[in-house]
Amino acid sequence: MTIEEKMEHFRSISLESANNQSVESLSSYKKSLDDELEIYKESAKKLSEDSKHARMNQVRANSKKNLASSQMIIKKQLTNKQSEIKSKIFEMVRNKIAEYRKTPEYLELLKSQISSVQETYKDLNITVYIDSEDSHLLNPLKESFHVNIQVYDKDFLGGTRTIVPEKNILIDYSFKTRLVEEQENFAITL
């Protein structure tokens, strides 16, 4: 083999070796780039998922907040409407009581209340009070009963209040007390 052939052979082996190293380096570099791309894709996908979850959580939180706010407004409106209806109902009841107090049945009710108290506490000194607006009924009631009957200086919407001083008892058959009790217990249900 001549020097030229040897040089050619050396050059071809060197080129082949360089090509092999180059291919190996490129292959290694491509593999590392592919690995980095996969890591980037996974990272980007996770970031996208996290961002998506964060947005969904924000939307849920806003929806819950808006729902709670709407519920509060509705409850307030409902409570106001219930109060309005309750006021109207009890205003109607007061008007019915005022009408009832003009009837003969009302005088009979007062007599019944006085009679009941008189029978229960017949041996004791009692004072029966009637409403100030019922003062026109004082004489007919005094004629029917032999107890101390007086007109109370404050309005209690009718009925009677009786005091038994010896027992320290107040018997309250007034419409005002009953109306207040009914208002406290009254509830509008849906």
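Our subject is the structure listed above.
Rules behind the numbers
- Residues numbered from 1 in each chain as written.
- Predicted model: local features only at pLDDT ≥ 70, side-chain atom pairs only at ≥ 80, totals over all residues.
- Heavy atoms only, no water.
- Phe/Tyr/Trp six-rings, centres within 6.5 Å; stacked < 30°, edge-to-face > 60°.
- Helix = DSSP H or I, 4+ residues; strand = E, 2+ residues; numbered from the N terminus.
- Buried < 20%, exposed > 50% of the residue type's maximum accessible area, 1.4 Å probe, protein only.
- Lys NZ or Arg CZ within 6 Å of the ring centre and 35° of its normal.
- 1 Å grid on protein atoms, 1.4 Å probe; cavity = no way out; pocket = protein on both sides within 12 Å on 5 of 7 lines; lining within 4 Å.
- Points joined across faces, edges and corners; volume = space filled by probe spheres on them.
- Nonpolar A, V, L, I, M, F, W, Y, C, P; charged D, E, K, R; others polar.
- Pairing = 2+ DSSP bridges.
- Axes fitted to C-alpha atoms, helices over the stretch in contact; angles between N-to-C directions.
- Contact = heavy atoms within 4.5 Å.
- Core = buried A, V, L, I, M, F, W, Y, C linked by side-chain atoms within 4.5 Å.

Enquirer: Before we go on, may I ask you to explain the packing of aromatic side chains in this structure?
Expert: Working definition: an aromatic ring pair is given by the centre-to-centre distance plus the angle between the planes. Under the definition given, this model contains six aromatic pairs. Taking the centre distance of 5.9 Å and the plane angle of 55° together, the rings of Tyr-106 and Phe-175 count as tilted. With Tyr-106 in helix H2 (residues 104-120) and Phe-175 in helix H4 (residues 175-185), this residue pair connects regions lying 69 residues apart in the sequence. Side by side, Tyr-106 and Phe-175 carry an identical accessibility label, which is buried. When the centroid spacing of 5.4 Å and the interplanar angle of 75° are considered together, the rings of Tyr-129 and Tyr-152 count as edge-to-face. Of the two residues, Tyr-129 sits in strand S1 (residues 127-130) while Tyr-152 sits in the loop between strand S2 (148-151) and strand S3 (160-164), which places them 23 residues apart along the sequence. Judged by its relative accessible area of 16%, Tyr-129 falls in the buried class. Sitting above the plane of the Tyr-152 ring, Arg-161 keeps its charged end 5.8 Å from the centroid.

Enquirer: Just to check I follow, could you spell out the layout of surface pockets for this structure?
Expert: A volume near 160 Å³ is recorded for the largest pocket. As for the largest pocket, its lining consists of Arg-94, Ile-97, Ala-98, Arg-101, Lys-102, Glu-133, Asp-134, His-136, Asp-155 and Leu-157. Residues belonging to the lining of the largest pocket are distributed by class as follows: three nonpolar, one polar and six charged.

Enquirer: I'm lost on the sheet that holds S1 in this one. Help?
Expert: The strands making up a sheet associate through hydrogen bonds between their backbones, and the pairing can be parallel or antiparallel. Read from one edge to the other, the open sheet built from four strands follows the order S2-S1-S3-S4, with strand pairing classed as mixed. Every interior strand has two partners, whereas the edge strands, S2 and strand S4 (169-172), have only one. Ignoring strand direction, the axes of neighbouring strands in this sheet form an average angle of 20°. Each of S1, S2, S3 and S4 touches H2; the most contacted strand, S3, lies at about 15° to it.

Enquirer: In this structure, what is going on with unusual backbone geometry? I would like to understand it.
Expert: Trans peptide bonds make up the majority, and among non-glycine residues the majority have a negative phi. Of note, the phi angle at Leu-157 is positive, near 65°, even though the residue is not glycine. Checked against the element boundaries, Leu-157 lands in the loop between S2 and S3. The phi dihedral of Asn-168 falls on the positive side, at around 55°, and the residue is not glycine. Along the polypeptide, Asn-168 turns up in the loop between S3 and S4. Residue classification places Asn-168 among the exposed positions, given a relative accessible area of 73%.

Enquirer: How do you make sense of the nonpolar core when you look at a structure like this?
Expert: Here is a general trend for soluble globular proteins: nonpolar side chains tend to be buried in one another's company. Membership of the largest hydrophobic core comes to 22 residues, with the highest contact counts inside it found for Ile-114, Ile-126, Leu-141, Val-147 and Ile-149. Contributing elements (two or more residues each) for this core: helix H1 (3-100), H2, S1, helix H3 (138-144) and H4. It is H2 that provides the largest number of residues to this core, a total of five residues. For Ile-126, the residues in contact, after removing those within four places along its chain, are Val-117, Gln-118, Tyr-121, Val-147, Asn-148, Thr-162, Ile-163 and Val-164.

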